[in-house]
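The lines below spell out each chain.
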Amino acid sequence: NLVLNEKKLQEVDSLWKEFETPEKANKMNVIVMPDFGPLISILQDKLNLSCIHSPMVTELMRGIRSQIEGLITGLPSREMAAMCLGLAHSLSRYKLKFSPDKVDTMIIQAISLLDDLDKELNNYIMRCREWYGWHFPELGKIITDNLTYCKCVRKVGDRSNFAASDVSDILPEEIEEDVKAAAEISMGTEVSEEDINNIIHLCDQVIEISEYRTQLYDYLKNRMMAIAPNLTVMVGELVGARLIAHAGSLLNLAKHPASTVQLLGAEKALFRALKTKRDTPKFGLIYHASLVGQTNTKNKGKISRMLAAKTALTIRYDALGENTNAEMGAENRLKVETRLRLLEERGIRRISGTGKALARTDKYQNKSEVKIFDPSGDSTLPAVSKKRKIQEVEEQDTEVSVKAKKFKAEMKEHLKSKLCSYSFCRISCSAGSYLVASVT
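Residues numbered from 1 in each chain as written. Predicted model: local features only at pLDDT ≥ 70, side-chain atom pairs only at ≥ 80, totals over all residues. Heavy atoms only, no water.

## Quick look at the overall build of the protein
Per the secondary structure count, the protein includes 20 helices and 4 strands. Split into buried and exposed, the 440 residues of the protein put 28% on the buried side. The contacts of the protein with a sequence gap of at least 6 include a subset with a gap of at least 24, amounting to 57%. (Helix = DSSP H or I, 4+ residues; strand = E, 2+ residues; numbered from the N terminus. Buried < 20%, exposed > 50% of the residue type's maximum accessible area, 1.4 Å probe, protein only. Contact = heavy atoms within 4.5 Å.)

And the structure:
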């Protein structure tokens, strides 16, 4: 940008006043041109113009854009609006074409389609097992794998054909013998050939969708390793793809803090807990990561919090970093695994550095002697066992009764001897009669 009036450019805060009206803007002697670097110095020599290029020029360009209709003569407003619209469309196409987020769209669409395919496969397989189960119900209990079940039904068809059919390429030898034995004594109902054809057609659909799902999963795995390798190493391609799809793009996911990454996918439970004033959830989509899954229930919250913190770092490294290797993700995963192992062992280790060094703390050992109190010295009574024989109890009762009778007899003799030494006489007087005893 070449500016002839340099004093106006220095007053950046009040520069907008010079572009309030088209008349004031026309008084500014300005030449606008692209920044061509070495070409500016040549123009300075040829045209004798001083050149200024600094961040303050941005304010000047803003004022020029605000009064562009008054500065450019002979340009109708209708054509100016069309030019602005065309320029906006061109810039949008340029951003869309070279957007770093456009590759995220492939991951979002792939993981959404994968979830849809899983739902459709479950519905188709459930319908196929129930439909063919009316004809051969024992087959569903013998063959548990859904894809093998559909392949076996498609190849054989009617259960009467199992005896003459060879399904060794689909089933192991032991299971094949069980299927043939069950087909001979099956209690299923008879169906027509048209019904069997429709069931076989449904099995074809299940097999084709299963093969396409396998192909789509391989595609998603390759895209995740190319776009977010560190995130894939930390939580896996499926969980990483679901996190990206939930956030909208990898760049939007990189803007989230670790606490949001931890609870991403559990928003409804979080706001319900805040509304009812209960405990908030500890994990969202990150719960399906392998590191959280192999932890016991007590440590799931701790591991999910640490895994979310390390995952947030790997997401930012993938979104904003220049390197495309997965070394950072592998290093952080090693730290989380070390922490998980320490929680399970309940040991004291240091997580900083490589996460392998033992903490410099000596184990405390109690060397004091512990004396145990003996309660036998509290009582002076002789120790008698509580369990006594019946004979001993009866002998003791007889001894007590004999002693009691002897004591009563002695007391009677004593009272008689005392009474014989006293003589009684009654004395009457005006005050009353009295009984007087005298000792003889």
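The discussion continues.
## Observations concerning the nonpolar core
Tyr-132, Leu-139 and Phe-162 are the most contacted members of the largest nonpolar core, which has 62 residues in total. Top element by residues in this core is helix 11 (residues 193–227). It accounts for 12 residues. (Core = buried A, V, L, I, M, F, W, Y, C linked by side-chain atoms within 4.5 Å.)

## Some words on the pattern of salt bridges
Following the criterion strictly, the structure yields 8 salt bridges and no others. Between Lys-155 and Asp-169 there is a salt bridge, with the nearest N and O atoms lying 3.0 Å from each other. Residue Lys-155 is found in helix 9 (residues 146–156), and its partner Asp-169 is found in the loop between helix 9 and helix 10 (173–184); the two are separated by 14 residues along the sequence. Owing to a relative accessible area of 42%, Lys-155 belongs among the partly exposed residues under this scheme. Residue Asp-169 is classed as exposed on the basis of its relative accessible area, which comes to 57%. Where Arg-333 meets Glu-337, a salt bridge forms, and the shortest distance between an N and an O atom there is 3.2 Å. Linking Arg-333 with Glu-337, this pair stays in helix 19 (residues 327–345), spanning 4 residues, or about one helical turn. (Salt bridge = Lys/Arg side-chain N within 4 Å of Asp/Glu carboxyl O.)

## Regarding the packing of aromatic side chains
Scanning the model with the defined rule gives 3 aromatic pairs in all. Centre to centre, the rings of Tyr-132 and Tyr-149 are 6.5 Å apart; their planes meet at 85 degrees, and the pair counts as edge-to-face. Highlighted residues: Tyr-132 in helix 7 (residues 102–133) and Tyr-149 in helix 9, separated in sequence by 17 residues. For the pair formed by Tyr-132 and Tyr-149, the shared burial category is buried. Judged by centre distance (5.4 Å) and plane angle (65 degrees), the rings of Phe-136 and Phe-162 are edge-to-face. On the criterion of sequence distance, the pair formed by Phe-136 in the loop between helix 7 and helix 8 (138–142) and Phe-162 in the loop between helix 9 and helix 10 is long-range, its members being 26 residues apart. (Phe/Tyr/Trp six-rings, centres within 6.5 Å; stacked < 30°, edge-to-face > 60°.)

## Description of the layout of surface pockets
Computed from the structure, the largest pocket encloses a volume of approximately 160 Å³. The wall of the largest pocket is formed by Arg-65, Ile-68, Met-80, Met-83, Cys-84 and Leu-87. Considering every element that reaches the lining of the largest pocket, the biggest residue donor is helix 6 (residues 77–97), with 4 residues. When grouped by side-chain class, the residues that make up the lining of the largest pocket number 5 nonpolar, no polar and 1 charged. (1 Å grid on protein atoms, 1.4 Å probe; cavity = no way out; pocket = protein on both sides within 12 Å on 5 of 7 lines; lining within 4 Å. Points joined across faces, edges and corners; volume = space filled by probe spheres on them. Nonpolar A, V, L, I, M, F, W, Y, C, P; charged D, E, K, R; others polar.)

## Brief notes about the environment of Met-225
With respect to the element layout, Met-225 can be found in helix 11. Given a relative accessible area of 40%, Met-225 falls into the partly exposed group. Taking the C-alpha atoms as reference points, Met-225 and Gly-236, 11 residues apart in sequence, are found 9.8 Å from one another.

## Description of helix 19
Each turn of an α-helix holds 3.6 residues, which means side chains three or four residues apart point in the same direction. In this model helix 19 runs 27 Å from its N-terminal to its C-terminal C-alpha over 19 residues, within 8% of the 27 Å that 1.5 Å per residue would give. Every buried residue of helix 19 is listed here: Gly-329, Asn-332, Arg-333, Lys-335, Val-336, Thr-338, Leu-340, Leu-342 and Leu-343. The secondary structure elements touched by the buried residues of helix 19 are helix 12 (229–235), helix 17 (290–293) and helix 18 (300–320). Remark: Arg-346 follows helix 19 within two positions and exhibits a positive phi of approximately 55 degrees. (Expected span 1.5 Å × (residues − 1).)

## Examining the side chain of Arg-159
Following the sequence through the fold, Arg-159 ends up in the loop between helix 9 and helix 10. Side-chain polar atoms of Arg-159 contact the backbone oxygen of His-135, separated by 2.5 Å. Within the structure, the side chain of Arg-159 is placed 3.2 Å from the backbone oxygen of Gly-188, a separation counted as a polar contact. Look past the residues within four positions of Arg-159 in its chain and what remains in contact with it is Tyr-132, His-135, Phe-136, Ala-183, Ser-186, Gly-188, Thr-189 and Glu-190. (Polar contact = N/O pair within 3.5 Å; in protein donor to acceptor, adjacent residues only side chain to side chain.)

## Observations regarding a positive patch on the surface
Side chains of Lys-282, Lys-298, Lys-302, Arg-305, Arg-339 and Arg-346 sit close together on the surface and give a patch of like positive charge. Checked against the element boundaries, Arg-346 lands in the loop between helix 19 and helix 20 (390–420). Here Arg-346 falls in the exposed class, since its relative accessible area comes to 64%. (Patch = residues over 30% accessible without salt bridge, like charges linked within 9 Å, V, L, I, M, F, W, Y side chains within 5 Å. Areas by Shrake-Rupley, 256 points an atom, 1.4 Å probe, with all protein chains shown as cover. Lys, Arg positive; Asp, Glu negative; His and termini not counted. Charge placed at Lys NZ, Arg CZ, Asp CG, Glu CD.)

## Examining unusual backbone geometry
It is generally the case that most residues other than glycine have a negative phi and that most peptide bonds are trans. Even without glycine at this site, Lys-277 takes up a positive phi of about 60 degrees. Counting through the fold element by element, Lys-277 comes out in the loop between helix 16 (267–276) and helix 17.

## Topic: the packing of helix 11 against helix 13 (residues 237–247)
Axes are the key here: two packed helices are described by the angle between their axes and the distance separating the axes. Contact geometry of helix 11 with helix 13 gives a least axis separation of 10 Å together with a crossing angle of 75 degrees. Relative to helix 13, the element helix 11 lies roughly perpendicular. On helix 13, the residues touching Tyr-217, Leu-220, Lys-221 and Met-224 of helix 11 are Glu-237, Leu-238, Gly-240, Ala-241 and Ile-244. For the contact of helix 11 with helix 13, the class distribution of residues is 6 nonpolar, 1 polar and 2 charged. (Axes fitted to C-alpha atoms, helices over the stretch in contact; angles between N-to-C directions. Parallel < 35°, antiparallel > 145°, perpendicular 65-115°, else oblique.)

## Structural notes on the packing of helix 9 against helix 11
Between helix 9 and helix 11, whose axes approach to 9 Å, the crossing angle comes to 140 degrees. With respect to helix 11, the axis of helix 9 lies oblique. Between helix 9 and helix 11 lies a crossing whose hand is left-handed. Contacts between helix 9 and helix 11 involve Leu-147, Cys-150, Lys-151, Val-153 and Arg-154 from the first element and Ile-199, Ile-200, Cys-203, Asp-204, Val-206, Ile-207 and Ser-210 from the second. Its residues assigned to classes, the contact of helix 9 with helix 11 comprises 8 nonpolar, 1 polar and 3 charged. (Left-handed = near helix turned anticlockwise from the far one by under 90°.)

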